[in-house]
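# Coordinate inspection notes
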Protein chains: 2
Amino acid sequence: MKIDDAAARLEALGNPTRLKIYRTLVRAGHAGLPVGRLQERLKIPASTLSHHIKSLLAVGLISQVREGTTLLCHAEFDTMRGLVDFLVAECCTEDAQCQGARTAA
Amino acid sequence: MKIDDAAARLEALGNPTRLKIYRTLVRAGHAGLPVGRLQERLKIPASTLSHHIKSLLAVGLISQVREGTTLLCHAEFDTMRGLVDFLVAECCTEDAQCQGARTAA
DNA sequence: ATACTATTTCTACAATATTCGAAATATGCG
DNA sequence: CGCATATTTCGAATATTGTAGAAATAGTAT
């Protein structure tokens, strides 16, 4: 993952409202959750919610599938995994006597 | 980790300049790196660098120790680990047939 | 004290983000 | 078609962030 992509994803997760949206979707797992259900649970005005969802979509952290009249949102677990890998990668590569921080991976 | 703390840390890492600073420190490992060395490597004006370092300090992602006339910066690996754990935690807790995304942890 | 290096604080400005109501669009149904 | 529901786009106000030059502070040595 390029550093600018990683930064964009981290920034997307760095807003409390968006992080709550994302976490709710992560908890929902592969089943996903419609936008409307997210709105009920999080009590966010529809336009605000839509705006944040768009940000998460733009960086590939979530995806959407239309299911009739509703839009199902899913967390993109591969993207999350890639981001986590990026964070723990290259740990201590310049530190000869580094022993264990890399176990975070 | 509370969600607002996680968001604050993710936001701190969500700026490309700050992420570069952080990664450089992660690579430097436990040995750390003085502010001045960071400035040389990243070619960032001192005031801008100082500003970003303060952000990373504020959320506990890095720490500083004075070493004579220079300030040594270190990545706080425990904080990073906590953040990574937060990201992969509670994956699919509402999805009965979730099978593997949690292996990201 | 003076000088020198390292780093931060001050200050200001442009750019971007967040929020949300109102209006617009999309889908499905009778 | 016409209506109901789901969701997005528009528009605009307000707040926050990123950037960096100039000035200030901190530490060390002479």
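Refer to the structure presented above.
The paragraphs below set out a description of the structure included in this document. (Residues numbered from 1 in each chain as written. Chains lettered and ligands numbered in written order. Predicted model: local features only at pLDDT ≥ 70, side-chain atom pairs only at ≥ 80, totals over all residues. Heavy atoms only, no water.)

Turning to the sheet that holds strand β3 (residues 70–75) of chain B, a few remarks are in order. Residue and element names in this part refer to chain B. Overall, antiparallel pairing links the 3 strands, which are arranged β1-β3-β2 in an open sheet. In this open sheet, the two edge strands, each paired with only one partner strand, are β1 (33–34) and β2 (62–67). Pairing of β1 with β3 involves 2 bridges; the strand directions are antiparallel. Residue Pro34 lies in a different strand from β3, and its bridge partner there is Leu72. Against the sheet, helix α2 (residues 16–28) touches β1, β2 and β3, its axis set at about 85° to β3. (Pairing = 2+ DSSP bridges. Helix = DSSP H or I, 4+ residues; strand = E, 2+ residues; numbered from the N terminus. Contact = heavy atoms within 4.5 Å. Axes fitted to C-alpha atoms, helices over the stretch in contact; angles between N-to-C directions.)

Okay, the packing of aromatic side chains next. Scanning the entire structure with this criterion turns up 0 aromatic pairs over all chains. Directly above the aromatic system of Phe86 of chain B lies the positively charged group of Arg23 of chain A, at a separation of 3.8 Å from the ring centroid. (Phe/Tyr/Trp six-rings, centres within 6.5 Å; stacked < 30°, edge-to-face > 60°. Lys NZ or Arg CZ within 6 Å of the ring centre and 35° of its normal.)

Right, let's get into the pattern of salt bridges. Pairing between side chains of opposite charge can happen when their charged atoms approach one another. All names here are of chain A. Counted under the stated rule, the structure contains 4 salt bridges over all chains. In this structure, the salt-bridge partner of Asp78 is Arg81, at a minimum N-O distance of 3.1 Å. Of this pair, Asp78 and Arg81 are both found in helix α5 (residues 77–88), 3 residues apart, which corresponds to roughly one turn of the helix. (Salt bridge = Lys/Arg side-chain N within 4 Å of Asp/Glu carboxyl O.)

Once that is clear, we can look at the protein's contact with DNA strand D. Taken together, 21 residues form the shell around DNA strand D, and within it Gly36 and Leu71 of chain A together with Thr48, His51 and His52 of chain B come nearest. The sugar-phosphate share of atoms of DNA strand D within 4 Å of the protein amounts to 72%. Between Gly36 of chain A and DNA strand D, the recorded distance is 2.6 Å, taken from a backbone N or O atom to a phosphate oxygen. Taking Thr17 of chain B, its side chain carries an N or O atom lying 3.5 Å from a phosphate oxygen of DNA strand D. Secondary structure elements with two or more residues in the surface near DNA strand D: α3 (35–42), α4 (46–58) and β3 (70–75) of chain A together with α2 and α4 (46–58) of chain B. Split into classes, the residues belonging to the surface near DNA strand D amount to 4 nonpolar, 13 polar and 4 charged. (Near = heavy atom within 4 Å. Polar contact = N/O pair within 3.5 Å; in protein donor to acceptor, adjacent residues only side chain to side chain. Nonpolar A, V, L, I, M, F, W, Y, C, P; charged D, E, K, R; others polar.)

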